[in-house]
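# Examining the three-dimensional arrangement
Below are the chains, spelled out letter by letter.
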Amino acid sequence: MIDIMLVDDETYVTESLAKTIPWAELGIRQVIQASSAAEALLLMERQPVDILVTDIRMPDMSGLQLIEKVAQQWPNVRCMLLTGHSDFEYAKRAIQLQAFDYILKPVDDDEFVVSLTNAIESLKDEWEQAEKFNKLVYYRKADIAVLRSSLLRDLLLGRRLSAKASGEKLALYEIPLRIEDSAVMMLIQLGRRFAEMDHHSISLMEYAVGNIAEEVFGGQYDVWHGKAPHDCLVLIASLKPETEKRLLQEQSFEKARRAELEEAVRLFRRHVENYLKGDISLVITEWFTFPDDVSAAYRAGLGAIGTTEGEGTVFLEDAAHDRRTARSLDALYKPPTLIHLLESKQWDAAGRKIAEVFDELEKSGDSREHLYEVYFSVSNAFMYVVHKQGHYMHQIDHAGLDLLADPGIVLSVGKLRAWAAGMLEKLRRELSASDKHARSYIVSKVQELVSRDLGGETSVKTIADRVYLHPVYLSKIYKAETGESLGDYIIRMRMERALYLLKHTNKKIYEITAELGYQNPQYFSKMFKKHYGLAPNEFRDP
């Protein structure tokens, strides 16, 4: 709605207009009257108006002087002049002061309404343009945020741009970093407290962490931060020229630069803890040339990001993680394997197996490669047993086993453990519900007995005796339910056990032969070669 002020020292003029003009129909909310320019200015201080209608000839201050002051203080107000003098000089001065219109007294109501309508339309057009401009500014900021995010993702994933294209995009997207500058990258992970939040809350926390990072590092560094493709935050920082100049005056530039960065990182983590009541972990890369080496720095950081849970901050230039010797995860491959436990519906044992694997991971602080090894091994076991039951993984979990749906799964031991435990519980519920249509209790019992004892006493007959069934009948049930004969299943379990003993122990082949219940090492070797394509001694010493 629009407010209007009428100003004339002859009050009958303003009173007449106030009573005779259909203000409400024109969209006028309030009509304010003043008998002098001074009173008008005083009232406008208290009550802003959109249109000012003033007489020209008034004592003390003329209407021309009034609209000149109004134009200086309230430039968006539409000013209209009333006068009984049709002198050209008045009209010329009014034009110079950008008055909207000039109306002669006595005022003709119809003429006044037409002029007023034009002023109202002019205001609405201006407001509409202002609204469009504000929207454009908003959308531009939103678009720039999207474009920045897209550019960061491209650089992190290895896209190469020419120096000219890079410079143009950095300037266009208002990114303060410069081509060929030395920069450092920080990969930031939210701590366990944040991991318990829902997706929307985590997004808010990431936004807050990014703002804190920009505030802390922005004093000494030019920074660019955003969300990385692998479910962590990335901050790229380059020393501001004045900061670099100050550090160059130190005895050792590299030591001074490291000390400056360490102090900023400590302050950053402290602010996150104080303001967001949670912790973060960081991997800080070595210094690199921006933007050419962004992708290489990112890959190096990803390789160490799983190792920060117990340390908080890792500087890659210390290279401690590079000096470690890779080791195998014994718990992952030690029989009974996860596939076997899932296959035989030993859910509690499968849960303990998964917990054992992750306990080993947490104690050893292994690398991100080990996280991937566990993920692929566990997901393979899940998929195998689900498919064998006649289901698809997406029927159990809508995301299936797609890392693109949640790439953060393999970023930490805690997240991967939670994922594995959650998937196991889903499998337990779904497959147990359909158990009577897939596997009988007797088959599960048989598989449990076989997994516990692979020695010389284990055979179709001894298993049949323990479940109180005739061997032929038991074999038919097992074959019908699993598609595999019981004898073949026993051999397969023995061969898996043999494979593990050959890989992970120094036992002689004849000792393994005896442990698995075979009387003749030659026969055992023949069975092993038939199963794996290599004789035991060839497998151990290729």
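These numbers were taken from a predicted model, which means no experiment stands behind them.

## Considerations on the pairing of strand β7 (residues 221-227)
Counting buried positions over the seven residues of β7 gives five, a clear majority of the element. Where β7 meets strand β8 (residues 233-239), seven bridges bridge the pair, whose relative direction is antiparallel. From the neighbouring strand, G226 faces β8, where its bridge partner is V234. Between the antiparallel neighbours β7 and β8 lie five residues, among them D231 with a positive phi of about 60°.

## Some words on the pattern of salt bridges
All told, the structure shown has 22 salt bridges when counted by the stated rule. Note that R160 is salt-bridged to D292, the shortest N-O span being 3.8 Å. Of the two residues, R160 sits in the loop between α6 (109-156) and α7 (163-172) while D292 sits in the loop between β10 (288-289) and α12 (294-304), which places them 132 residues apart along the sequence. The exposure class assigned to R160 is exposed, which follows from its relative accessible area of 58%. With a relative accessible area of 32%, D292 lands in the partly exposed category. Note that R428 is salt-bridged to E425, the shortest N-O span being 3.5 Å.

## Description of the packing of aromatic side chains
Enumeration over the complete set of coordinates arrives at 14 aromatic pairs. Taking 6.3 Å as the distance between ring centres and 85° as the angle between the ring planes, the aromatic pair formed by W224 and F290 counts as edge-to-face. Within this pair, whereas W224 is found in strand β7, its partner F290 is found in the loop between β10 and α12, the two being separated by 66 residues in sequence. This pair shows no difference in class: W224 is buried, exactly as F290 is. On the basis of an interplanar angle of 45° and a centroid distance of 5.5 Å, the ring pair of Y478 and Y489 is categorised as tilted. Separated by 11 residues along the polypeptide, Y478 in helix α22 (residues 471-482) and Y489 in helix α23 (residues 486-504) bring together distant segments of the chain.

## So, the environment of Y12
In this structure, Y12 sits in helix α1 (residues 11-20). Along the chain, Y12 and S35 lie 23 residues apart, while their C-alpha atoms are 9.9 Å from each other.

## Observations concerning the nonpolar core
Counting residues in each nonpolar core, the largest one holds 33 residues, and the members touching the most others are L342, F358, V374, F382, L416 and W419. Contributing elements (two or more residues each) for this core: α13 (330-333), α14 (338-343), α15 (347-364), α16 (368-388), α17 (393-396) and α18 (413-433). Counting 32 residues, the second largest nonpolar core, distinct from the first, contains V184, A208, L233 and A237.

## Some remarks on the packing of helix α10 (residues 241-248) against helix α11 (residues 253-276)
If you want to describe how two helices pack, look at the angle between their axes and the distance between the axes. At a minimum axis distance of 9 Å, the contact between α10 and α11 shows a crossing angle of 130°. Looking at the two axes, α10 sits oblique to α11. Together, T243, E244, R246, L247 and L248 of α10 and F253, A256, R257 and E260 of α11 make up the contact between the two elements. Looking at side-chain class alone, the contact of α10 with α11 contains four nonpolar, one polar and four charged residues.

## Overview of the pairing of strand β1 (residues 2-7)
Most of β1 is tucked away: six of the six residues are buried. The alternating pattern of β1 places I2, I4 and L6 and D3, M5 and V7 on opposite faces, both of which are buried. Relative to strand β2 (residues 28-34), β1 runs parallel, the two being bridged by six bridges. If you follow I2 over to β2, its bridge partner there is I28.

Reading guide: rules and limits
Residues numbered from 1 in each chain as written. Predicted model: local features only at pLDDT ≥ 70, side-chain atom pairs only at ≥ 80, totals over all residues. Heavy atoms only, no water. Buried < 20%, exposed > 50% of the residue type's maximum accessible area, 1.4 Å probe, protein only. Helix = DSSP H or I, 4+ residues; strand = E, 2+ residues; numbered from the N terminus. Pairing = 2+ DSSP bridges. Salt bridge = Lys/Arg side-chain N within 4 Å of Asp/Glu carboxyl O. Phe/Tyr/Trp six-rings, centres within 6.5 Å; stacked < 30°, edge-to-face > 60°. Core = buried A, V, L, I, M, F, W, Y, C linked by side-chain atoms within 4.5 Å. Axes fitted to C-alpha atoms, helices over the stretch in contact; angles between N-to-C directions. Parallel < 35°, antiparallel > 145°, perpendicular 65-115°, else oblique. Contact = heavy atoms within 4.5 Å. Nonpolar A, V, L, I, M, F, W, Y, C, P; charged D, E, K, R; others polar.

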